Amino acid sequence: MNLSLKSIRFILEALDHYERDHDRRLADNTLSEDEISDLTNDRQLLVAIKKDFETYRDHLIQDRQHVSAEA
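In short, a report on the structure. Counting starts from 1 at the beginning of each chain's written sequence and moves along it residue by residue. Confidence filtering applies because this is a predicted model: local features only for residues at pLDDT of at least 70, side-chain atom pairs given and counted only at 80 or more, and all residues used for totals across whole chains, interfaces and linings. Here the side-chain values reflect all heavy atoms present in the structure, with hydrogen atoms and water set aside.

**Digging into the overall build of the chain**
Per the convention used, a helix needs a DSSP run of H or I reaching at least four residues, while a strand needs a run of E reaching at least two, with both numbered from the N terminus. Each helix and strand counted, the chain has 2 helices and 0 strands in total. Each principal axis of the C-alpha atoms in the chain carries an extent, and together these give about 60 × 15 × 15 Å. Contacts were defined at the residue level, with two residues in contact if any of their heavy atoms lie within 4.5 Å. Pairs at least 24 apart in sequence give 72% of the contacts found in the chain among residues at least 6 apart. Each accessible area value is a Shrake-Rupley result obtained with a 1.4 Å probe; residue values ignore everything except the protein chains displayed when judging cover. If you sum the accessible surface of the chain, you get close to 5700 Å²; carbon and sulfur atoms cover 51% of it. Here the chain contributes 10 positive and 16 negative side-chain charges, whose respective centroids are spaced 8 Å apart. Neither His nor the chain ends contribute to the count of charged residues, in which Lys and Arg are positive and Asp and Glu negative. All charge positions are set by atom: Lys at NZ, Arg at CZ, Asp at CG, Glu at CD.

Dropping the structure here:
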């Protein structure tokens, strides 16, 4: 994967929004057990994806700082 820091920030903001949407939907008392299970599983995957992008972002920042220090 080769994304810019700006792209990563945009993706992380979108994932935050999507995570909040899942939380809002999970608060709905009319959901069936299957719907709750699906949303919960999707949210767990979402959190894992978000963590991967945060790690990628942190590595990009580290690499930039390392290059700046060498210059």
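Structure's up, so let's keep going.
**Topic: the side chain of E19**
Relative to the helices and strands, E19 resides in helix α1 (residues 5-26). Think of a polar contact as two N or O atoms within 3.5 Å of one another; within protein, one of them needs to be a possible hydrogen donor and the other a possible acceptor, and neighboring residues in sequence only count if both atoms come from side chains. For E19, the side chain forms a polar contact with the side chain of K50, separated by 3.0 Å.

**Comments concerning the pattern of salt bridges**
Basic side-chain nitrogens of Lys or Arg form a salt bridge, by our definition, when they fall within 4 Å of a carboxyl oxygen of Asp or Glu. Tallying each qualifying case throughout the model produces 7 salt bridges. For the salt bridge of D16 with K50, the shortest nitrogen-to-oxygen distance reads 2.5 Å. Of this pair, D16 sits in helix α1 while K50 sits in helix α2 (residues 33-70), and the two are 34 residues apart along the sequence. Assessed through its relative accessible area of 16%, K50 is described here as buried. Taking the shortest distance from any N to any O, the salt bridge between D58 and R57 comes out at 3.1 Å. The buried label applies to any residue whose accessible area, calculated with a 1.4 Å probe on protein chains only, is under 20% of its type's maximum; exposed applies above 50%, and partly exposed to all values in between. What makes D58 partly exposed here is its relative accessible area of 38%. On the basis of relative accessibility, which here comes to 25%, the residue R57 falls in the partly exposed class.

**Structural notes on the nonpolar core**
In summary, soluble globular proteins display a tendency toward joint burial of nonpolar side chains. With 6 residues, the main nonpolar core is built from I8, L12, L15, L46, F53 and Y56. Breaking this core down by element, the ones donating at least two residues are α1 and α2. Excluding its chain neighbours within four sequence positions, the residues that come into contact with Y56 are M1, N2, L3 and I8. Residues belong to a common nonpolar core when they are buried Ala, Val, Leu, Ile, Met, Phe, Trp, Tyr or Cys residues joined through side-chain atoms within 4.5 Å.

**Points about the environment of Y18**
Here Y18 shows up in helix α1. Among the residues examined, Y18 registers a relative accessible area of 40% and is labelled partly exposed. For the pair Y18 and A69, spaced 51 residues apart in the sequence, the C-alpha separation amounts to 37 Å.

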